[in-house]
Amino acid sequence: KKKKKKTGDGMTKPEPTNPEGPLRFLDTGYTDNISGLACTSDASTIFLGCNDRAARFVDGRHGTVQHTQQHPANVNRVALSQKTGQIATACQDGKVRVLRVLPQQHDAPPQIAAEMNAGGAVVSVCFMPDGSQLLCGLTSGTIQWWDLGQEPPQGQEQPPLRPALRTCLRGHTRQVNAIAVSADGRRAVSAASDSDKDVRVWDLTPQTQPDRQCLHILRSYGFNVTSCDISPDGTLVASTSTDKTVKIWQLDSGRLLRTLTGHYSFVYDCRFSPDGQYLVSCSSDKMLRVWRTATGETVRLLQGHTENALCCVWSADGSTILSAGIDKKISVWRGTTEGRVPARLATATYARPDTVNTPSRARPEARPPPQATASAVPIPAAAAAAHASLPNCDGELQIRLTSMQTALDQVLA
């Protein structure tokens, strides 16, 4: 029987009992914990912060390491600016480095465009929406706001950036584990640990006075707050904690809307889906959960990690969820929910390879490919739809369907 649980709207709904497996694992051969994770909009390139003093750029399909950028100390977090393509690394040596990848030189190693000395170990980092500024959180509880300046247009000489410390956001007294900025750049949230155990909402508008930058202090925890995120429409805040829960707050008022329960151990990270309808979280119970934002119910259970899952991210196009942690592998999951086919599969077409020689047996006359109609579904899309339409099938059948979908995806690639 399916377990029943109360959701945020007071209704009792069944909880999924058949966990989904990943589409694939990416084994980079890396031998230490992965503590930071980011990806391009289609998850074709993945950026890792690693505990062996390196940031790695990984091919999102095959798992091959394209570049390794060595650091003097462990890389705690990585952040990607979708606007500029720059990658920021938060390092234990007290510095934030901004790496530039030249789009016309994919095989060239990344350049260090800027290096900021924060004066203490940096635990978290986040770009502003336009990529010209970033926020970084220190173990001291201070949040530094850096101005990077504008990148020159592509095709022109790419000189080093000249970062300048704009201001500091003060209020936390202990380590700032995570920072998130709203899509309009007007609000930021931060999560802290130890004695604070709170989430703070900051006003980033230019007219704000320094002593009024903290709008709300969201206190509902007795344990460390490990991560936070802001919904794409800027109305909600999600936070996770070592108390095994995920909480959803109203950004403007600071009111707690609902507490999501289901994880069996510490919850380390969470991310809203690009449309804001769902939230994914990862935990030391080795599971990921996908929650419906409006109700707080669990709609998917993602199982495949063999050790603690420390970080997760949802690709900007919504097609992929990525997660990583102590098991040193990147898990790639189906990003869409409730039967909607990922764009990368729905747009794929199946063409018969007429150039391939067949055995001596006579081959039927080649026919033109059928015209797309409402009933014509590409083979990979059909596999994905079948997989999504069987939420209650046995685990072995789900794994087979997932393997079929992955194999077809690789053939078409």
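About the cut-offs
Residues numbered from 1 in each chain as written. Predicted model: local features only at pLDDT ≥ 70, side-chain atom pairs only at ≥ 80, totals over all residues. Heavy atoms only, no water. Pairing = 2+ DSSP bridges. Helix = DSSP H or I, 4+ residues; strand = E, 2+ residues; numbered from the N terminus. Axes fitted to C-alpha atoms, helices over the stretch in contact; angles between N-to-C directions. Phe/Tyr/Trp six-rings, centres within 6.5 Å; stacked < 30°, edge-to-face > 60°. Buried < 20%, exposed > 50% of the residue type's maximum accessible area, 1.4 Å probe, protein only. Lys NZ or Arg CZ within 6 Å of the ring centre and 35° of its normal.

**Q** Mind laying out the pairing of strand S7 (residues 65–70), listing which residues take part and the relevant values?
**A** The pairing of strand S6 (residues 54–59) with S7 spans five bridges and is classified as antiparallel. Bridge pairing links alanine 55 to glutamine 69 in S7. Between the antiparallel neighbours S6 and S7 lie five residues, among them glycine 63 with a positive phi of about 85°.

**Q** Please set out the sheet that holds strand S29 (residues 320–325) residue by residue, giving values where relevant.
**A** Here four strands make up an open sheet; going across it, the order is S3-S30-S29-S28 and the pairing antiparallel. Looking at which strands have only one partner, the edges of the open sheet turn out to be strand S3 (24–26) and strand S28 (309–314). Strand-to-strand twist across the sheet, computed as the mean angle between neighbouring axes with direction ignored, equals 25°. In this sheet, strand S30 (residues 330–334) lies alongside S29 in antiparallel orientation, the contact comprising four bridges. Bridge pairing in S30 places isoleucine 321 opposite tryptophan 333.

**Q** Can you explain the packing of aromatic side chains? Please cite residues and give values.
**A** Note on aromatic pairs: each is described by the distance of the centres and the angle between the planes. Evaluated as defined, the whole model comprises two aromatic pairs. Between phenylalanine 266 and tyrosine 268 the ring centres are 6.3 Å apart and the planes differ by 90°, which places this aromatic pair in the edge-to-face class. Given a relative accessible area of 37%, phenylalanine 266 falls into the partly exposed group. Residue placement shows arginine 166 over the ring face of tryptophan 145; its charged tip is 4.5 Å from the ring centre.

**Q** Any details on the sheet that holds strand S12 (residues 122–127)? Residues and values, ideally.
**A** Taken in spatial order, the four strands line up as S12-S13-S14-S15 in an open sheet, and their pairing is antiparallel. With one partner strand each, in any of the chains shown, S12 and strand S15 (164–169) form the two edges of the open sheet. Mean inter-strand twist for the sheet, computed between neighbouring axes without regard to direction, equals 25°. As paired elements, strand S13 (residues 133–138) and strand S14 (residues 143–147) share five bridges and run antiparallel to each other. When the sheet's bridge partners are listed, cysteine 136 is paired in S14 with glutamine 144.

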